[in-house]
Amino acid sequence: MSASTTTTPLLEVRDLTLRHNGRGGQTTIVQNVSFTLGRGEVLGIIGESGAGKSTIGNAVIGLVGKSFEQSFGTIRLDGVALETLSDRERRKLRGKTIASIFQDHTSSLDPLMTVGNQLGETISAIHPGLPRSEIRRRTIELLGWVGIADPAGRHDSYPHQLSGGQRQRVVIAIALAGSPSIIVADEPTSALDATVQKQILDILRNLVDTIGLSLILITHDMGVVAAIADKVVVMKDGEIVEQDATSTVLENPKELYTQQLLSAVPRLHLSPSAAHSQPEEPAPILVVENLSRSFGGGNIRGLLGKPSAKFALKNVSLRVPRGSVLGIVGESGSGKTTIGRILAGLEKGDSGKVTLDGRARDISRSGDEGLLGHVQMIFQDPALSLNPRMTVAETLRECLRFTARKEGPRNPDEITRMTDRMGLARTLLSRYPHQLSGGQKQRVCIARALLARPALIVADEPTSALDVSVQAEIVSLLKQTVTESGLSMVFISHDLAIVQGICDAVGIMKDGRMEDFGPSDFIFGRSENAYTRRLIDARPKIFTH
Amino acid sequence: MKISTFKPTGFKMPDRASYRQFLTMPNIVLACYVAVALAAPLIAHQNPYDPLQVYGWEASLPPGTEGSGGFNYLLGTDGLGRDIASSIMYGLRISLLVSIVSALAAAVIGLTAGVSAAYFGRWVDALIMRVVDLQLSLPTMLVALIAIVTLGPGIDRIILALIIVQWATYARVARSVALSEAGKSYIDAVRTMPLPRIRIIFRHLLPNSIAPAMTLLPIEIGHAVALEATLSFLGLGVPLDQPSLGSTVANGFQYLMTGQYWISLFPGFALFGLIATINFVGEDMRRIWDPRSRSI
C-alpha cells in the first residue's frame, strides 16, 4: 500500500483466531484470518461447510467472540477496535453500522406481523420518535428499493403471503433500515431458485453501487461470488487459502485448493457440441403418459371451504430409453419431486399411465407391492436417508436379504463388492450413519439402491445437500455406475449444469407441466423455449461456455 | 474427516465421563426404596401377612414399644398387631411391582399403537387416535374404577386397569414423534423395498421414536404408584392378603380419630416419599435424555 493512501479501510480484520475448548481438547475454528473491506466493496468469503466462514461473519456482526474461550486478533471498524467496546456500544453498532442477512428468509421474519410493521419496528428502533406516517413512508420507500412490486400494497402483507424471493427482499429491506455501512450476508440466496437468486444478487449489487454500501457475502457458491463480488477470500478449515480480486481468483487461481473448487463447479456448455450420432432408440424402460396429480381437493377442508385442488402435475408425459439418463429440471414447486415419488411408488397419481419395463404400473395407490424394489430412490439429504440406529452393514444386509426373496438367495459378498465399487472403505461397514461424512452417506445410499437391482433409479437432487467438491465426486460416481451396469435413471435437479453433465435427455418443468423436453444437446444448444432460455441465462456467465 | 464419538442419535446413552451425573440425591433415595422392597423378607422383623408371625394381642401399640417377638415395634403396630415398619416394606413391594409393570406394559402398547397410527395413517390412525381421545377425555380415576369393577379384584387386574389408564398418553406422544420420523427419507427408502410392513414399523420407525417416551416413563410410574394407592385406599385395589402402601394407609384410617396416628401416617410418609422421589428422578431423566431441554 502506498504511503499516500491514508484513509483507513472501513473494516479491517487482522489475525483473527477463534478457539473452542471442547471436551476432546482445543478446536481452532478460525486461524489467523486477515482481510480488509473498503467502502462500496463486495467481499466474498467462500468455502465448504466447516471452513469457518459463517463464524467470521458472526464475529464481525458481534454475535460471537465471547462464546469462544480463546479469541485473538482485532476487528477494526472505521479504525475502532470492536473488542475494546462494551456490549452496549456494540449493540448500538448493530443495525446502524453493521446489519446482517441470513439464509433462511422464513425464520428471519415474524410470521404474525405484517412485513410493513416489522420493517417499521426496525426503523423506529433506530430513529426513536419518528411519527407513524413518516415510518410508513420510509417503509414503503425501502420496500421499493429492494424491488418489491406494489410496495404500498405489500406493506400490510404477512410473510406467508409472499414468495421466498419477496421474503428475502423484505429481509434485505430490514437490514437496510438503519442505513448501515456494512451488511454481512450469510448465504443470502442459497434457499432460492436460480432465477430468483439472480434477481436478489442484482439488487444487492445495485445497492452497493448506488448507496455506497459495503457487503460481506458468505457463500459456498462460486457462481454467487462470480456474479457480484469485487474481492474473494477462499477459506478452508478455518484458514485463508487465497485472497485476491475476484477476476484474478476465478481466472488465475494460484492455490491448488481454489483450482479444485473451481474445477468442481459444473459448467454448462451451450455451443451445440458434436452431436453424438443417436443410434435408433432402444425400447423404453419407462413411459409416462399424461400423468396428473393434484393436492388439497376432496378432503374435508375442501368440502367445507372452497375446493382448492392444486395441481402438482398436469398431463406430464416422458419416456426413458433403456440404459439412459433423463434429467428433470425445475425450480421449487415445479412438480419434479412429485414425479419422482410417484415413479418410486411413494405417492399416488390421479390419472395417467406409467409403464415400467413393459408392465403397467398401478398409480392409483402408493406402495404397489408387485413393483417394490424395481424402482429405487436416492434422496436429497443423505443425513436423513439412512436409519440412524443401523450400521452401514445392517442397512445393506437388510436390502440384500429382502430383495433376495424375489430373486433367490444372494451372495453376501455382494455387499463388500458393492462398497468397494462405491469407494467406501470396509472399515466403514461397522459405522453408524452419523459417523460418516455427507459424501460417504450418499455413497451408502447409492450402494443400497444398486443392491436392490432396480430397473430404474430415481435420484432426487442427490447432490444439493453436499459440498461442491463432494458433489462432483457423487455425480461422477453415479454416471460411472449407470454406464457400467447399463442402468436407467431419472435424475431430478435444479442445476442445469449437473444435469447436462450426466443426462442423455432433459425435461424442463414449470408449475407442474413439462415445458420443454428433448435430447440434452437440443435443450442446451438449440431450444427456443423462453423458460429454458431464462433458466440458462440465470447462470453466472463465467461458468457457461 | 472428523468422526464424532457419539452413539446413534435418538436414544442417547450418556458417555462414561457423565455417569457421575447419575449419583444424584433422588436416584440414591430411589435405589434405597427399591433395595428395601427387594430385601423386605430378609430385613423385616416379621411377615405381617403370615398369621403365625403376628401376635394378635399386641394390637395398636405406639411406636417404640418392645414386642414379644424379641424386636422393637419402631413405628408401632396396627389394629391387628402387625408391625408397621414391616408392613411398609412389604407394601412397597406390591406398590413398585404394580406400577413398574403397568407403566412398562403401557409404554410398549402405547408406543406400538402410536407408531402404527402414524405409519398407516388413514382409518387406522383415525381409529386408534379417537380411542386415545376418548380415553384421555375421561377422568383417569373413573376409567380405573370402571376397569376394576368390570375386571374384579387381584394384582393382575390392577395392573391391567393401570395399563388401560396409561397407554393413551404414550400413544399420543409416540404418534407425533413417529409422524415426523416417517417423513424422513430413510423410511421412504425402505418403503421402496419389498420389506414386510411389520419390519418397517418395528425395525425402523419404532426404535427412532422411543426416546421421547423414555422421558415419559418415570413420570408415569409415579402416576401409577399414586393411582394404585388411591384405588387401594378406596378398597378397590390389591387384595387384602397382598396389601400395598395404599391399603396399609387405609387400614389405619379408622384409628386416626382415636389418636393412633402411626398406623396411617408412617405408610403415608413412605408413599409420599416414593412418589416425590420418582418424580424428581423423572425430571432428571427428562433433562438428560431430551436433547431439546438439554440445549437450553
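Residues numbered from 1 in each chain as written. Chains lettered and ligands numbered in written order. Predicted model: local features only at pLDDT ≥ 70, side-chain atom pairs only at ≥ 80, totals over all residues. Heavy atoms only, no water.

Looking at an unreviewed UniProt entry, one finds chain A named Peptide ABC transporter ATP-binding protein and attributed to Phyllobacterium endophyticum. As stated in UniProt under Subcellular location (unreviewed entry), the record for chain A gives "Cell inner membrane". Chain A has a UniProt comment under Sequence similarities (unreviewed entry) that states "Belongs to the ABC transporter superfamily." (UniProt positions renumbered as here; feature names shortened; annotations may be inferred.)

Turning our eyes to something else, we now look at the packing of helix α14 (residues 413-421) of chain A against helix α15 (residues 438-451) of chain A. Residue and element names in this part refer to chain A. At a minimum axis distance of 10 Å, the contact between α14 and α15 shows a crossing angle of 135°. In terms of orientation, α14 and α15 fall into the oblique class. Helix-helix and strand crossings are classified by hand; for α14 and α15 the assignment is right-handed. Facing α14, whose interface residues are E414, I415 and M418, α15 presents A447, L450 and L451. Classifying every residue of the contact of α14 with α15 by side-chain character gives five nonpolar, no polar and one charged. (Axes fitted to C-alpha atoms, helices over the stretch in contact; angles between N-to-C directions. Helix = DSSP H or I, 4+ residues; strand = E, 2+ residues; numbered from the N terminus. Parallel < 35°, antiparallel > 145°, perpendicular 65-115°, else oblique. Left-handed = near helix turned anticlockwise from the far one by under 90°. Contact = heavy atoms within 4.5 Å. Nonpolar A, V, L, I, M, F, W, Y, C, P; charged D, E, K, R; others polar.)

A word on the sheet that holds strand β6 (residues 98-101) of chain A. Residue and element names in this part refer to chain A. In space, the six strands of this open sheet follow the order β6-β7-β8-β3-β9-β10, with mixed pairing throughout. Every other strand in the sheet has two partners, leaving β6 and β10 (239-245) as the edge strands with one partner each. Each neighbouring strand pair of the sheet contributes to a mean axis angle of 15°, computed without reference to strand direction. Bridging between strand β7 (residues 182-186) and strand β8 (residues 214-219) involves five bridges; their strand directions are parallel. Looking across to β8, one finds that A185 is bridged to L217. Packing of helix α1 (residues 53-61) onto the sheet brings it into contact with β3 (42-46), β6, β7, β8 and β9 (231-236), and relative to β8 it is tilted by some 150°. (Pairing = 2+ DSSP bridges.)

We now examine a positive patch on the surface. All names here are of chain A. A cluster of like positive charges, contributed by R88, R91, K92, R94 and K96, occupies part of the molecular surface. Positionally, R94 belongs in helix α2 (residues 87-96). Judged by its relative accessible area of 32%, R94 is partly exposed. (Patch = residues over 30% accessible without salt bridge, like charges linked within 9 Å, V, L, I, M, F, W, Y side chains within 5 Å. Areas by Shrake-Rupley, 256 points an atom, 1.4 Å probe, with all protein chains shown as cover. Salt bridge = Lys/Arg side-chain N within 4 Å of Asp/Glu carboxyl O. Lys, Arg positive; Asp, Glu negative; His and termini not counted. Charge placed at Lys NZ, Arg CZ, Asp CG, Glu CD. Buried < 20%, exposed > 50% of the residue type's maximum accessible area, 1.4 Å probe, protein only.)

Turning our eyes to something else, we now look at the domain arrangement of chain A. Residue and element names in this part refer to chain A. One can read the domain layout of chain A as domain 1 (39-51 + 90-264) and domain 2 (322-345 + 378-543). Its C-alpha centre places domain 1 at a distance of 32 Å from the equivalent point of domain 2. Contacts between the two partners involve 14 residues from domain 1 and, on the opposite side, 13 residues from domain 2. Considering only the surface of domain 1 that becomes buried against domain 2, E48, D193 and T195 emerge as the three largest contributors, covering 37% of it. At the surface where domain 1 touches domain 2, the tally comes to zero salt bridges. (Domains from an automatic or database assignment. Buried area = accessible area lost by both parts, 1.4 Å probe.)

In terms of nonpolar packing, the biggest core is built from 116 residues, with A:M489 and A:F491 touching the most fellow members. Counting residues in hydrophobic clusters, the runner-up holds 50 residues, among them A:V146, A:A177, A:L217 and A:L250. (Core = buried A, V, L, I, M, F, W, Y, C linked by side-chain atoms within 4.5 Å.)

All names here are of chain B. Taken together, the side chains of F233, L234, F253, L256, Y261, L265 and F269 present a nonpolar region at the surface, about 650 Å² in accessible area. With respect to the helices and strands, L265 occurs in helix α10 (residues 262-289). Classification of L265 by relative accessible area gives partly exposed; the value is 37%.

Checked against the element boundaries, A:D202 lands in helix α7 (residues 194-211). In sequence terms A:D202 and A:A227 are 25 residues apart; their C-alpha atoms lie 8.4 Å from each other.

What the rule picks out here adds up to one aromatic pair over all chains. For the pair B:Y119 and B:F120, a centre-to-centre distance of 5.2 Å together with 80° between the ring planes defines the contact as edge-to-face. Overall, B:F120 belongs to the partly exposed group, its relative accessible area being 32%. One Lys or Arg, A:K510, reaches over the ring of A:Y531 and ends 5.4 Å from the middle of that ring. (Phe/Tyr/Trp six-rings, centres within 6.5 Å; stacked < 30°, edge-to-face > 60°. Lys NZ or Arg CZ within 6 Å of the ring centre and 35° of its normal.)

All names here are of chain A. Under the criterion given, the structure shown has 29 salt bridges over all chains. Note that R137 is salt-bridged to E134, the shortest N-O span being 3.0 Å. Note that R137 and E134 are positioned in helix α4 (residues 132-145) at a spacing of three residues, about one turn of the helix. Here D350 and R293 are joined by a salt bridge, their closest N and O atoms 3.7 Å apart. Of this pair, D350 sits in the loop between α12 (336-343) and β14 (351-356) while R293 sits in strand β11 (residues 284-295); the two residues are 57 residues apart in sequence, bridging distant segments of the chain. Relative accessible area serves as the criterion here: at 39%, D350 is assigned to the partly exposed category. Overall, R293 belongs to the buried group, its relative accessible area being 11%. Taken together, the shared-partner salt bridges connect E134, R137, R138 and E141 into one network.

Next up on the list: the confidence of the model for chain B. Residues and elements named next belong to chain B. Here chain B averages 80 in pLDDT, while 90% of its residues score no lower than 70. Looking across chain B, the model is least confident in helix α11 (residues 291-295), with a mean pLDDT of 45, and most confident in helix α3 (residues 122-137), with 90. Counted against residues more than four places away or in other chains, residues 1-12, with its pLDDT under 50, gives 21 contacts. Across the assembled chains, the prediction reports ipTM 0.73 with pTM 0.75. (pLDDT = per-residue confidence, 0-100.)

We now examine the pairing of β8(A). By the criterion of burial, β8(A) is predominantly enclosed, with six of the six residues buried. Between the parallel pair β7(A) and β8(A), the chain is carried across by α7(A), and the sense of this crossover is right-handed. (Right-handed = clockwise from strand over helix to strand, strands pointing away.)

Before going further, it helps to examine the sheet that holds strand β20 (residues 513-519) of chain A. Residues and elements named next belong to chain A. Strands sit in the order β16-β17-β18-β13-β19-β20 across an open sheet of six strands; the sheet is mixed. Every interior strand has two partners, whereas the edge strands, β16 (375-378) and β20, have only one. Each neighbouring strand pair of the sheet contributes to a mean axis angle of 15°, computed without reference to strand direction. Across six bridges, strand β19 (residues 505-510) lies against β20 in antiparallel orientation. Directly across from I508, in β20, lies its bridge partner D516. Together, β16 and β17 (456-460) form the strand contacts of α15, whose direction differs from that of β16 by roughly 180°.

This paragraph deals with the environment of B:Y186. In this fold, B:Y186 is placed in helix α6 (residues 185-191). When the C-alpha atoms of B:Y186 and B:L205 are compared, they prove to be 9.5 Å apart, with 19 residues separating the residues in sequence. Aside from chain neighbours lying at most four places away, what touches B:Y186 is A:L384, A:S385, A:L386, A:N387, A:P388, B:E181, B:H204 and B:N208.

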